[in-house]
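# A closer look at the structure
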There are 2 protein chains.
Amino acid sequence: MVGMETTALRDRLMDGLDRFASAMRAEVRRSVAPRGLSPAQDAILRMLLARPAGLRVRVLAGHLGVRQPTVTGSVIALERKGLVRRQADPADARATIVKVTPEALAQPTAAAPSLAAAALADLSDAEQASLLKTLIKLIRSLQLRQAIPPQRICVTCKYFRPNVHPEAAEPHHCAFVDAPFGNRALRLDCAEHGQAGAPEMARNWNAFMTPRPRQEVQP
Amino acid sequence: MVGMETTALRDRLMDGLDRFASAMRAEVRRSVAPRGLSPAQDAILRMLLARPAGLRVRVLAGHLGVRQPTVTGSVIALERKGLVRRQADPADARATIVKVTPEALAQPTAAAPSLAAAALADLSDAEQASLLKTLIKLIRSLQLRQAIPPQRICVTCKYFRPNVHPEAAEPHHCAFVDAPFGNRALRLDCAEHGQAGAPEMARNWNAFMTPRPRQEVQP
DNA sequence: CTTTTTTAAATAGGAGTCCTATCATAATAC
DNA sequence: GTATTATGATAGGACTCCTATTTAAAAAAG
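Attention in this report is confined to the structure presented alongside it. Note that the coordinates shown come from a computational prediction; the quantities given were computed from them, not determined experimentally.

### Side note on the overall build of chain A
A tally of helices and strands in chain A yields eight helices and six strands. Secondary structure elements in chain A, listed N-terminal to C-terminal, are α-α-β-α-α-β-β-α-α-α-β-β-β-α. The burial tally for chain A puts 33% of its 219 residues in the buried class. The contacts in chain A between residues at least 6 apart in sequence include a share of 51% that link residues at least 24 apart.

Next comes the structure, spelled out in structure tokens:
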């Protein structure tokens, strides 16, 4: 075992995530360039496309993990390109609400058949579902640690009923559409998301983290 | 099922990876700033710390997924800070070899107890091992698609014997240290890495991708 | 052996990404 | 009212990334 355990598993995971992320970032840069966008502008645009009502500058900054002046700069660039517009918030004259324009909505959305997507497609369907579940756990952990702002994911939704069909392939249930669904359908930014109360959310989180011991890998 | 399957699983995975990556990137920026480093400089430094013999500018660029002039700029900044030095390659007078200085080696390496690391620690041990395995598959897929250059990972190593102990908790075997090991010990950048031949590598890859159906999640 | 082509890196110039600090203004507290 | 706080815009600076060009050495062609 000499030399095999010098690096902690956690460091290796960070390394792997970092490496895949760096490849994704490079790809994003190349894929959005033809549309005249930068990576940050693309991220803002994608966030806004999922929220037609618009978002405040500050909220955008929180979601992207950058400071407010950084967002202001990117938003100004997007405004110049006619893809977003800014308007004063009627509820607070200090605030600015950023919305996508109809032109941006009409754009093809660039369904990027990227290499990263191809790599994901190489995984088995079960492995993809398992990866999604793990990612959602990670993202929720970050939210609980205040590292990133709450997002409209299933685990924090009042319509979410985790693991209520323990033996089924689709163990969870969405009370909004009243239908069961599996890990592969877990959402990261659902338009129908309803904020759950704190106790309910904690219950959801626990039930989601520790389901029945169906798919444990190694004891 | 209304509204639950409008987004493909793959898109959701991309979204989740993107979100976690963005949080990690923001954290890296904050964690390396006190040491007077930028994220790119930190990435170069970490890569070089694992290779005391140094690397060419071009190779660094490939690993980081950026162009050569970008690396030159960051290397110059690192040189100013006394953390790397450049020397001509004896084998090719056009090339520059970048090496870490003894000062950089002596630095504390900043074992960043980051929030991302904490989120990973929230996962069960089995889930962490499974995630590492998935990440390595993804990275190897990118390598096969020429999206990123080959790296010193187990799957491409001539000492790697995947799944030779099918029923054990540590199914793989490293012929270099002559010891069995499990998914949690898989390496992303092993100093003892020996480049395997193409047929051997293909065999490794296949055996690694499709082991015995031990830990499949849902059929 | 020259000449030509290719290759490695540096340089120049430009757009974009981040930051901190500061400023104007609106909402809120006293 | 005045003081404090919160939202964004602006200014200035370091860094990141790109493409295109230049310099110089190596490799290929004649």
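Resuming the write-up.
### A few points about the relation of the copies chain A and chain B
Taken as rigid bodies, chain A and chain B are interconverted by a rotation of 180° and an axial shift of 0.0 Å, the fit giving an RMSD of 0.0 Å. Such a combination of rotation and displacement between the chain copies is what one expects of a two-fold axis. Within chain A, alanine 21 of chain A has its C-alpha nearest the rotation axis, a separation of 2.9 Å. Both copies share a contact surface, since 100% of the interface residues of chain A are interface residues in chain B too.

### Side note on the protein's contact with DNA strand D
The local shell around DNA strand D holds 24 residues, among which Arg56, Arg58 and Pro69 of chain A together with Ser38 and Ala40 of chain B are the closest. Within the residue set of the surface near DNA strand D, elements represented by two or more residues are helix H3 (57-64), helix H4 (68-80) and strand E3 (92-100) of chain A together with helix H2 (39-49), helix H4 (68-80) and strand E3 (92-100) of chain B. The biggest single contributor to the surface near DNA strand D is H4 of chain B, with five residues. Of the residues belonging to the surface near DNA strand D, the class tally is nine nonpolar, eight polar and seven charged.

### Observations concerning the interface of chain A and chain B
Many descriptions give the size of an interface as the accessible area lost when the pieces come together. Taken together, the 64 residues of chain A in the interface contact 64 residues of chain B. By residue number, the principal contributor to the side of chain A that touches chain B is helix H1 (residues 9-32) of chain A, which donates 16 residues. Partitioning the side of chain A that touches chain B into residue classes produces 41 nonpolar, ten polar and 13 charged.

### Thoughts on the pairing of strand E2 (residues 84-89) of chain B
Residues and elements named next belong to chain B. Looking at chain direction, E2 and E3 are connected through six bridges and run antiparallel. Bridging across to E3, glutamine 87 finds its partner in isoleucine 97. A loop of two residues connects E2 with E3, the two strands running antiparallel in sequence.

### Some thoughts on the environment of valine 75 of chain A
All names here are of chain A. Along the chain, the position of valine 75 falls in helix H4. Classification of valine 75 by C-beta neighbours within 10 Å gives buried; the count is 23. For the pair formed by valine 75 and proline 39, sequence separation is 36 residues and the distance between their alpha carbons is 12 Å. Contacts of valine 75, omitting those with residues within four sequence positions, involve Ile44, Val57, Val84, Arg86 and Val98.

### Topic: the nonpolar core
Membership of the largest hydrophobic core comes to 63 residues, with the highest contact counts inside it found for Phe20 and Leu135 of chain A together with Phe20, Leu135 and Ile136 of chain B. When residues of this core are traced back to their parent elements, those giving at least two are H1, helix H6 (115-122) and helix H7 (125-144) of chain A together with helix H1 (9-32), helix H6 (115-122), helix H7 (125-144) and helix H8 (198-209) of chain B. With sequence-adjacent residues up to four places away left out, leucine 135 of chain B is seen in contact with Gly16, Leu17 and Phe20 of chain A.

### As for H6 of chain A
Within H6 of chain A, the full set of buried residues consists of Ala116, Ala119 and Leu120 of chain A. Mapping the buried residues of H6 of chain A onto a view down its axis gives an arc of 100°, with all of them on the same face. Contacts made by the buried residues of H6 of chain A are with H1 and H7 of chain A together with H1 and H7 of chain B.

### Considering the protein's contact with DNA strand C
By nearness alone, 24 residues border DNA strand C, and Ser38, Ala40 and Arg67 of chain A together with Arg58 and Pro69 of chain B come closest of all. Taken together, the elements giving at least two residues each to the surface near DNA strand C come down to helix H2 (39-49), H4 and E3 of chain A together with helix H3 (57-64), H4 and E3 of chain B. Sorting elements by how many residues they give to the surface near DNA strand C places H4 of chain A first, with five residues. Taken together, the residues of the surface near DNA strand C break down into nine nonpolar, eight polar and seven charged.

The rules we used
Residues numbered from 1 in each chain as written. Chains lettered and ligands numbered in written order. Predicted model: local features only at pLDDT ≥ 70, side-chain atom pairs only at ≥ 80, totals over all residues. Helix = DSSP H or I, 4+ residues; strand = E, 2+ residues; numbered from the N terminus. Buried ≥ 20, exposed ≤ 12 C-beta atoms within 10 Å, placed from the backbone. Contact = placed C-beta atoms within 7 Å. Least-squares fit on C-alpha atoms with pLDDT ≥ 70 in both. Near = placed C-beta within 6 Å. Nonpolar A, V, L, I, M, F, W, Y, C, P; charged D, E, K, R; others polar. Pairing = 2+ DSSP bridges. Core = buried A, V, L, I, M, F, W, Y, C linked by C-beta atoms within 7 Å. Arc of directions from axis to C-beta.

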